[in-house]
Amino acid sequence: MDQIKLHELDNVAVLLSPRDQIPAGHKIALKDIAKGEKVIKYGNPIGIAAADIKAGEWVHSHNLKTALSGEKDYTYQPKPIHSAAPFAGSFMGYARPDGRVGIRNEIWVLPLVGCVNHTAQRIVQKAEKEVGAPVYTFPHPYGCSQLGEDHNRTRDLLCALARHPNAGGVLVLGLGCENNTMDAFKAQLGPVDEKRVKFLICQEQEDEEEAALSLIRALREELKNDKRTSQPVSKLVIGLKCGGSDGFSGITANPLLGAVSDGICAAGGTALLTEVPEMFGAEELLMARCRDEKVFQKTCNLINGFKKYYQDNHMPVYENPSPGNKAGGITTLEEKSLGCTQKGGLGAVEDVLPYATPVTQPGLNLVWGPGNDICAVTSLTAAGAQMILFTTGRGTPLGGPAPTLKVATNSSLAQRKSGWIDFNAGQLLSGTAMPDAAQALFSLVLDTASGKETKAEQNGYREIAIFKSGVTL
């Protein structure tokens, strides 16, 4: 078999191997499709035929176009919720006083403003040599010359990182003259354990690097007594992300993450799904799974709010997929979205979270954030994800503040880029059953939560990107 039909209603199939100069992962028509007729994949429309298409012909950008438009009025039409079997097991994590659990016990140096990025990096370099503890910093260009919502987002994001359970100790590093003042940041952050969270304003120190190292030494002493203890699956919080997707993403890796997400949520754990623009075209499937009408309305606001953001900036809501996505076989945003949202499984949508808002409700949560890889990974981390499960069909070395575990959609990528990839979902195309692959990936999740390093961690990839939409002064 060199092609696969994904749903009985589909009028296209996906090639598993190249045929007549059509690459693997791309679509062919299963029957004649007239110009203007809907093209169906995953049992749902992925666009409209832009020309007459004959059975057996390649279906792609030359003859398929999006049907997406702007904001919509939605009606709550709930459907029966799938009930998955809960995953059994435990992991070794760090219990925090607020009830959350960390899967790492690191020291994070958080710059309040981009002006002290290099200072923070010098401090980390010295600390790594002297202290012997895992110390990291996350440079960014903001914290000053911002207004309104952008300024608030920067502060909210940094506050969320300062409270993250993977950070056993935090040093907040300010310059002293930035808009994001230390006093305002402390007020937003709220009460903290002063043994675990330290603050330093560089302009007030004769030698800011030595002053910072002194605070990091104190943090290290506090962390020495922290021990991993056995924790239930209900304490897991996983972020779900895809990047560099291809035609197999919605067939292998994304449904696999959906199965893992369902099993973790059924056990009382939490899964976080973002990339709001990559819900466009599949949003009504998520809305039908909302736990109640209140969550449904939050989801409507999430979707239409992001569409309005595009329109306010005079941009089309369908300016996606990327060139790499198209080369991999994805043609329209609807097609990308129908594959992307499969990472969230089939369970109920329990809540919708604004940007940089820590999760409180177990189960599947939708998180405000763009499709951009590092922005989305940062948003998921700020919402409380202890780790990110990141699917890719084209490959990427990216890593966020939380351990970022890469899942390849195809075996070729897993073999070629073994230094990037942690798990091969391509095995689903060669006979492995979904339940077996899900159990294997879940076992890796538990190992990672217990301390096993991801490839991104081994390679030192740790980045953040703060979402910005407005004026820079």
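Please refer to the structure higher up on the page.
Residues numbered from 1 in each chain as written. Predicted model: local features only at pLDDT ≥ 70, side-chain atom pairs only at ≥ 80, totals over all residues. Heavy atoms only, no water.

Some details on empty space enclosed by the protein
Inspection of every chain in the model, using the stated rule, returns one cavity of 30 Å³ or more. Empty space within the largest cavity amounts to approximately 70 Å³. Asp-246, Ser-249, Gly-250, Ile-330 and Gly-339 are the residues nearest the centre of the largest cavity, which is lined by 14 residues in total. With four residues, the single largest contributor to the lining of the largest cavity is helix H9 (residues 333-340). The residue makeup of the lining of the largest cavity, split by class, is four nonpolar, six polar and four charged. (1 Å grid on protein atoms, 1.4 Å probe; cavity = no way out; pocket = protein on both sides within 12 Å on 5 of 7 lines; lining within 4 Å. Points joined across faces, edges and corners; volume = space filled by probe spheres on them. Helix = DSSP H or I, 4+ residues; strand = E, 2+ residues; numbered from the N terminus. Nonpolar A, V, L, I, M, F, W, Y, C, P; charged D, E, K, R; others polar.)

Points about the sheet that holds strand E5 (residues 44-49)
Strand order in the open sheet made by the three strands is E4-E5-E7, with antiparallel pairing throughout. The open sheet has two free edges, formed respectively by strand E4 (38-41) and strand E7 (64-65), since each of these has just one partner strand. Inspection of the sheet shows E5 paired to E7 by two bridges, in the antiparallel sense. In the strand pairing of E7, Ile-48 is matched with Lys-65. Contacts from H9 reach E4 and E5, with the element oriented near 165 degrees to E5. (Pairing = 2+ DSSP bridges. Contact = heavy atoms within 4.5 Å. Axes fitted to C-alpha atoms, helices over the stretch in contact; angles between N-to-C directions.)

Focus: unusual backbone geometry
Its identity is not glycine, yet Ser-145 carries a phi of approximately 60 degrees, on the positive side. Relative to the helices and strands, Ser-145 resides in the loop between strand E11 (135-137) and helix H2 (148-162). Located in the positive-phi region is Ala-356, a residue other than glycine, with phi close to 60 degrees. Mapped onto the secondary structure, Ala-356 falls in the loop between strand E17 (349-353) and strand E18 (363-367). According to the relative accessible area criterion, Ala-356 is buried, its value standing at 6%. (Buried < 20%, exposed > 50% of the residue type's maximum accessible area, 1.4 Å probe, protein only.)

Concerning the pattern of salt bridges
Summed over the entire model, instances satisfying the criterion amount to 25 salt bridges. Lys-241 is the partner of Glu-275 in a salt bridge, and the nearest nitrogen-oxygen pair spans 2.8 Å. Taken together, the residues span a long stretch of sequence, with Glu-275 in the loop between strand E16 (270-273) and helix H6 (283-287) and Lys-241 in strand E15 (residues 237-242) at a distance of 34 residues. Grouping residues by exposure puts Glu-275 and Lys-241 together as buried. Note that Asp-312 and Lys-308 form a salt bridge whose closest N and O atoms lie 2.8 Å from each other. (Salt bridge = Lys/Arg side-chain N within 4 Å of Asp/Glu carboxyl O.)

Some words on the pairing of E16
Side-chain alternation along E16 places Thr-270 and Leu-272 on one buried face and Ala-271 and Leu-273 on a second face that is also buried. In this sheet, E18 lies alongside E16 in parallel orientation, the contact comprising four bridges. Residue pairing across strands places Leu-273 opposite Leu-366, the latter belonging to E18.

Side note on the sheet that holds strand E6 (residues 58-59)
Reading across the sheet, the four strands line up as E1-E2-E3-E6 and stay open at both edges, with antiparallel pairing between neighbours. Each of the sheet's edge strands pairs with one partner strand only, and the pair in question is strand E1 (3-4) and E6. In the sheet, E1 pairs with strand E2 (residues 12-15) via two bridges, with the strands oriented antiparallel. Directly across from Ile-4, in E2, lies its bridge partner Val-14.

Remarks on the packing of helix H5 (residues 253-266) against helix H12 (residues 434-449)
Two elements in contact, H5 and H12, have axes whose closest approach is 9 Å; the angle formed by their N-to-C orientations is 65 degrees. Taken together, H5 and H12 sit at an angle that is classed as roughly perpendicular. As for the relative orientation of H5 and H12, their crossing is right-handed in sense. Mapping the contact onto sequence places Pro-255, Leu-256, Leu-257, Ala-259, Val-260 and Ile-264 in H5 and Met-434, Ala-437, Ala-438, Leu-441 and Phe-442 in H12. (Parallel < 35°, antiparallel > 145°, perpendicular 65-115°, else oblique. Left-handed = near helix turned anticlockwise from the far one by under 90°.)

Here we look at the layout of surface pockets
If you roll a probe as big as a water molecule over the atoms, it shows you where there is empty space left. The volume enclosed by the largest pocket comes to roughly 730 Å³. What lines the largest pocket is a set of 27 residues, and nearest its centre among them are Leu-285, Leu-286, Arg-289, Gly-345 and Leu-346. Residue composition of the lining of the largest pocket, by class: 15 nonpolar, eight polar and four charged. Taken as a whole, the second largest pocket encloses approximately 470 Å³ of empty space. Around the second largest pocket, the lining is made up of 23 residues, and of these Arg-96, Pro-97, Arg-163, Ala-167 and Arg-196 lie nearest the centre. If you list the elements that add at least two residues to the lining of the second largest pocket, you get strand E8 (90-95) and strand E12 (167-174).

Quick notes on the nonpolar core
Core analysis: the largest hydrophobic core is formed by 77 residues, its most contacted members being Leu-157, Leu-236, Leu-256, Val-407 and Leu-441. Per element, the largest residue contribution to this core is eight residues, and it comes from H12. With near-sequence residues (within four places) excluded, Leu-441 lies in contact with Leu-256, Leu-257, Val-260, Leu-405, Val-407 and Phe-423. Grouped together as the second largest cluster of nonpolar side chains are 22 residues, Val-113, Val-124, Val-131 and Ile-216 included. (Core = buried A, V, L, I, M, F, W, Y, C linked by side-chain atoms within 4.5 Å.)

Here we look at helix H3 (residues 182-189)
Three or four residues apart is the spacing at which side chains of an α-helix point the same way, because the helix has 3.6 residues per turn. Within H3 the residues assigned to the buried category are Met-182, Phe-185 and Leu-189. The arc that holds the buried residues of H3, viewed along the axis, is 60 degrees, so those residues lie on one side. Of the exposed residues in H3, those oriented more than 90 degrees away from the buried face are Asp-183 and Ala-187. Those residues of H3 that are buried are in contact with H2, E12 and strand E13 (197-201). A positive backbone phi angle near 85 degrees is found at Gly-190, which sits one or two residues after H3. (Arc of directions from axis to C-beta.)

Note that every value here comes from positions in space, so none of it alone points to a role or purpose.
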